[in-house]
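Results of the structural survey
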Amino acid sequence: MQEAEKIWMNGELVDWADAKVHVLSHGLHYGTTVFEGIRSYAADKGTAVFRLDDHLKRLERSSAMYHMPMPYSQQELRTAVHAVISSNGLAGCYIRPIVMRGYGTMGLFPLEAPVDVAIAAWEWGAYLGEDGLRDGIRAKISSWRRIGSTTIPATAKAGGQYLNSILAKIETHKAGYQEAILLNEAGYVADGSGENLFLVRDGVLITPPVQASILEGITRASIITLAQDEGIPVLEREVARGELYTADEVFITGTAAEVCPINEVDEHPLGPPGPITQLLQSRFFAATEGRDPRSEEWLDYIVAPASTLSP
Ligand SMILES: Cc1ncc(COP(=O)(O)O)c(C=O)c1O
């Protein structure tokens, strides 16, 4: 990974190499962590974080789900994100806040372990490659089912639940595909390993609902809004596997993957990125770069220039 200089840990900026946790930290053993993935972009009026407040709200909800009292207010976390970006002199970057059960107790009862918070940021280009964003990627349905909400709440973004995505990602990577699509316990389409999924049929944009064990993606919500702005009908409904094979267009959305077309599912070619995918992708990038009517609502500009903040 592309290292930066400073990481914010429990209220202070520390050197990248010193941002460490104890090997007996609770979160390391049991996955008792919640986190966010956020991006900032080099926008027209400076560096801007995309939908920062929405990401911080989701972080708060994820930590509440696991009874992890968040030691910092939303405003303090927002200031910390700004400080991490500024002190590292970053513009377009990926931001990773994590709230974790730390060192102090072992065993499955976590409520006496301390809660630690860290925020890191570094440069991270297109998650599925620039080629992928332009031409689309090949995806495969994994044999692993997406965790159901009677097992682990899919709507919280918790460390432990990503073992499910990781199994799917490894399986499909070994089979020669760039991304995994997971079905839920009922056999309907849920998510990619780290993305939400959309398909287009006869001009209608369709995406699985929250009840399908998806993570409620912030990129997904943005795409729904942009589609509505464009007058494209949007349906949140269960999606059967076979619909992907004959869809007019399929794409995935996520903070890391952004808006990425899919040009093949299993052995079914879908062709190059279609018009609705291209339109929504270009509006999404315009929004992240300050060139869209939605930008003002979604961008949080970094106020202090890097040079005025002490590290
Ligand atoms: C399983 C899963 N679905 C969807 C998403 C997309 O969410 P967002 O757009 O908020 O990054 C992610 C990424 O965090 C994810 O891990």
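Residues numbered from 1 in each chain as written. Predicted model: local features only at pLDDT ≥ 70, side-chain atom pairs only at ≥ 80, totals over all residues.

This part is about the domain arrangement of the protein. Per the domain assignment, the segments making up the protein are domain 1 (6-125) and domain 2 (130-288). Once you take the C-alpha centre of each, domain 1 and domain 2 turn out to be 25 Å apart. Residue-level contacts link 23 residues of domain 1 with 10 residues of domain 2. Mapped by element, the contributors of at least two residues to the side of domain 1 that touches domain 2 are α1 (26-30), β3 (33-35), β4 (38-43) and α2 (52-65). Top contributing element to the side of domain 1 that touches domain 2 by residue count: α2, with six residues. Per-class residue counts for the side of domain 1 that touches domain 2 are 10 nonpolar, seven polar and six charged. (Domains from an automatic or database assignment. Contact = placed C-beta atoms within 7 Å. Helix = DSSP H or I, 4+ residues; strand = E, 2+ residues; numbered from the N terminus. Nonpolar A, V, L, I, M, F, W, Y, C, P; charged D, E, K, R; others polar.)

Take the packing of α2 against helix α3 (residues 74-87) next. Where α2 contacts α3, the axes come no closer than 10 Å and their chain directions differ by 125°. In terms of orientation, α2 and α3 fall into the oblique class. Considering the relative orientation of α2 and α3, their crossing is right-handed. In this structure, α2 contributes Leu52, Leu56 and Glu60 to the contact, and α3 contributes Gln74, Leu77, Arg78 and Val81. Of the residues assigned to the contact of α2 with α3, the class counts are four nonpolar, one polar and two charged. (Axes fitted to C-alpha atoms, helices over the stretch in contact; angles between N-to-C directions. Parallel < 35°, antiparallel > 145°, perpendicular 65-115°, else oblique. Left-handed = near helix turned anticlockwise from the far one by under 90°.)

Okay, the site of the ligand next. As a structural note, the neighbourhood of the ligand is formed by 15 residues, with Gly217, Ile218, Thr219, Gly254 and Thr255 the closest of them. Here the shell around the ligand gets three residues from one element, more than from any other, and that element is helix α6 (residues 218-229). Among the residues forming the shell around the ligand, the class breakdown is two nonpolar, nine polar and four charged. (Near = placed C-beta within 6 Å.)

The next point concerns the packing of α6 against helix α8 (residues 275-288). Direction vectors running N to C along α6 and α8 enclose 110°, while the axes themselves pass 10 Å from each other. Taken together, α6 and α8 sit at an angle that is classed as roughly perpendicular. Of the two elements, α6 crosses α8, and the hand of that crossing is right-handed. Residues Ser222, Ile223, Leu226 and Ala227 of α6 form the contact with α8, whose own contacting residues are Leu280, Arg283, Phe284 and Ala287. The class makeup of the residues in the contact of α6 with α8 is six nonpolar, one polar and one charged.

This next bit is on α3. A rise of 1.5 Å per residue sets the reference length of α3, with its 14 residues, at 20 Å; its end C-alpha atoms lie 20 Å apart and thus fit the reference within 8%. Backbone geometry just after α3 places Gly89 at a positive phi near 60°. (Expected span 1.5 Å × (residues − 1).)

Below, the discussion takes up the confidence of the model for the protein. Summary statistics for the protein give a mean pLDDT of 96 and a share of 97% for residues scoring 70 or more. The low-confidence segment residues 305-311, where pLDDT is below 50, has 10 contacts with residues more than four positions distant or belonging to other chains. (pLDDT = per-residue confidence, 0-100.)

Looking now at the environment of Thr277. Along the polypeptide, Thr277 turns up in helix α8. Sequence spacing of Thr277 and Cys260 is 17 residues, and the spatial spacing of their C-alpha atoms is 8.3 Å. Non-local contacts of Thr277, meaning those with residues more than four positions away in its chain, are made with Glu249, Phe251 and Pro261.

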